[in-house]
There are 2 protein chains.
Amino acid sequence: MPVGLSAQELTQLDTLIAGRKKVPKGSPLYKAGDAFHALYAVRTGFFKTEVNTQDGRGQVTGFQMMGEIMGLDGIVQDQHSCDAVALEDSEVCVMPYARIEELSMRFEPLRRHLHKVMSREIVRDQGVMLLLGIMRAEERVAAFLLNLVQRMHVRGFSQSEVVLRMTRREIGSYLGMKLETVSRVFSRFAEDGVVDVNQRHIVIRDPAALKAMVTSQSAHCTT
Amino acid sequence: MPVGLSAQELTQLDTLIAGRKKVPKGSPLYKAGDAFHALYAVRTGFFKTEVNTQDGRGQVTGFQMMGEIMGLDGIVQDQHSCDAVALEDSEVCVMPYARIEELSMRFEPLRRHLHKVMSREIVRDQGVMLLLGIMRAEERVAAFLLNLVQRMHVRGFSQSEVVLRMTRREIGSYLGMKLETVSRVFSRFAEDGVVDVNQRHIVIRDPAALKAMVTSQSAHCTT
DNA sequence: CGACACCTTGAAGAGGTTCAAGAAATGTGG
DNA sequence: CCACATTTCTTGAACCTCTTCAAGGTGTCG
């Protein structure tokens, strides 16, 4: 992550990662209430984070892909406040929080990076609130797709093509709507020639049309 | 904030606060796009934070009262991503971020505190997403009122009485609904004897009834 | 191959929005 | 201190978007 360090410093930084952990599809990396020990960086695969209520309802709060950090929610109460579940066979880097704390004392770049990661998450959450608060169904789906391909593109994948790792229900949960509505919006987009939809395989034919729906692209963060 | 420090350390910590700033009612403490210099702690008064879209729509992302921190959104991009506006004549403590960074290197308690503050904000945002994503109008208003009086109570105010500092429109924006709906829900609560509503003066007559509406009290953070 | 989860589509229904009007409170200037 | 303008709040009625319920189709995995 950080740059501009001596070889010795880099060696020390390596100790930040205690190891890797495989998480099979459908398994939780952690669950709400679990003791908080570490932050996790997605190495391979795809995750969702989800908060659940007593009465069984739940809300997907985010999808995480390669390079993204999970577990920040656990710091404040020394326990996690949401579930992190792998949507496909995945692997994460385990970064024990005690070690992060210790190293962040000595290495300014790491400390600054950590603060930015947390701040980025806060800004991302603002974007989700905007989405849930004022957008209608089509805008939400358009924003979701654009955000997804943009993040994939940064990682070297196609800008116009994406395979969804999550179900319609999970998309709907994230966007604050029912799975049927998600499906209908996809169908409408397909009719209008904006996207091609083949189950979970999406091709964006008219990105401009999608962007036009999301006039409200403000503090919409990429993470 | 932190405890268990020597007198000398405490003196240094005092330098964290560069000064105070008065913010008149209706004025912004900062606006989206402003350069990021400092974090702010509310000393007196009441604020809202708000993200705005190009097309003029906006979403209130939070209300801040005494002791709560604003500005964390600015860290990641060195500029703020939302507006912070005083809802009444207010005063904040200005904590230059450069100094926070510097002191947090030396003082573990401060560093830990900062990380918890940021993590708490992330958990709070999860609660708002839950609210916006799955709750219906009455649940949202009930959750809002309970959260508000709970925070006031922690600060030594009544557990059953509160004067709203924000308009119906601002409540609605925060809760993802229209001001008319907020008004109607208040009226319905009043009819049912759950609360007394006199303009912005609210008396909670049946807190249990409110809590029962919010079966979904999970990771609902207090901040 | 069969069971199961996932997706699509239709029709009816509900919750919240929109539009509109009036009342109450707040602020301003004479 | 009062009159007036402005903002805020309440309430009603029509409307609309999304949800709910239901059925059938498609894909997937043991």
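Structure's up top.
As the structure is a prediction and not an experimental result, all values here were calculated from the model.

Thresholds, definitions, all that
- Residues numbered from 1 in each chain as written.
- Chains lettered and ligands numbered in written order.
- Predicted model: local features only at pLDDT ≥ 70, side-chain atom pairs only at ≥ 80, totals over all residues.
- Heavy atoms only, no water.
- Near = heavy atom within 4 Å.
- Polar contact = N/O pair within 3.5 Å; in protein donor to acceptor, adjacent residues only side chain to side chain.
- Helix = DSSP H or I, 4+ residues; strand = E, 2+ residues; numbered from the N terminus.
- Buried < 20%, exposed > 50% of the residue type's maximum accessible area, 1.4 Å probe, protein only.
- Pairing = 2+ DSSP bridges.
- Axes fitted to C-alpha atoms, helices over the stretch in contact; angles between N-to-C directions.
- Parallel < 35°, antiparallel > 145°, perpendicular 65-115°, else oblique.
- Contact = heavy atoms within 4.5 Å.
- Nonpolar A, V, L, I, M, F, W, Y, C, P; charged D, E, K, R; others polar.
- Buried area = accessible area lost by both parts, 1.4 Å probe.
- Salt bridge = Lys/Arg side-chain N within 4 Å of Asp/Glu carboxyl O.

Report on the protein's contact with DNA strand D, specifying residues and quantitative values.
Near DNA strand D, the surroundings consist of 19 residues, among which A137(A), T181(A), R184(A), R168(B) and S187(B) are the closest. Atoms of DNA strand D within 4 Å of the protein: sugar and phosphate make up 67%, bases the balance. For DNA strand D, a phosphate oxygen lies 2.7 Å from a polar atom in the backbone of A137(A). Between DNA strand D and R184(B) there is a distance of 2.9 Å, counted from a base nitrogen to a side-chain nitrogen or oxygen. Elements supplying a minimum of two residues to the surface near DNA strand D: α6 (179-191) of chain A together with α6 (179-191) of chain B. Sort the elements by how many residues they give to the surface near DNA strand D and α6(B) lands first, with five residues.

Requested: an account of the pairing of strand β8 (residues 90-96) of chain B, with residues and values cited.
Residue and element names in this part refer to chain B. Of all seven residues in β8, seven are buried, a share of seventy percent or more. Two strands pair when backbone bridges link them, and strand β1 (residues 19-23) and β8 are joined in this way by five bridges, in the antiparallel orientation. Residue pairing in the sheet places R20 in a bridge with C93 of β8. Strand direction decides the pairing type here: strand β3 (residues 38-44) and β8, joined by six bridges, are antiparallel.

Outline unusual backbone geometry, supporting the account with residue identities and numerical values.
Across residues other than glycine, the phi torsion is negative in most instances, and most of the peptide bonds are trans. The phi torsion at D78(A) lies on the positive side, around 55°, for a residue other than glycine. Given a relative accessible area of 43%, D78(A) falls into the partly exposed group. Not every positive phi belongs to a glycine, and Q199(B) is a case in point at roughly 55°. Secondary-structure assignment places Q199(B) in the loop between β10 (195-198) and β11 (201-204). The exposure class assigned to Q199(B) is exposed, which follows from its relative accessible area of 66%.

Would you mind going over the sheet that holds β8(B) in detail, with residue names and values included?
Pairing is antiparallel across the open sheet formed by four strands, whose spatial order is β1-β8-β3-β6 (chain B). Edge positions in the open sheet fall to β1 and β6 (69-70) of chain B, since each of these has one partner strand only.

Please set out the packing of helix α4 (residues 137-154) of chain B against α6(B) residue by residue, giving values where relevant.
All names here are of chain B. At a closest axis distance of 10 Å, the pairing of α4 and α6 adopts a crossing angle of 80°. With respect to their mutual orientation, α4 and α6 come out roughly perpendicular. Touching A137, E138, V141, A142 and L145 of α4 are T181, V185, F186, R188 and F189, all from α6. Of the residues in the contact of α4 with α6, the class split is seven nonpolar, one polar and two charged.

Tell me about the interface of chain B and chain A, and name the residues and values.
Every contact between the two is made by 48 residues of chain B and, on the other side, 48 residues of chain A. Summing the contributions of chain B and of chain A, the shared interface buries around 4,500 Å²; its carbon and sulfur component is 60%. Put simply, chain B and chain A have six salt bridges between them. E101(A) is the salt-bridge partner of R111(B), the closest N and O atoms lying 3.1 Å from each other. Linking chain B with chain A are 21 residue pairs in polar contact (both at pLDDT 80 or more), by the criterion used here. For the side of chain B that touches chain A, the secondary-structure elements that each account for two or more residues are β4 (47-52), β5 (58-64), α2 (97-106) and α3 (108-134) of chain B. Within the side of chain B that touches chain A, the residues separate by chemical class into 17 nonpolar, 18 polar and 13 charged.

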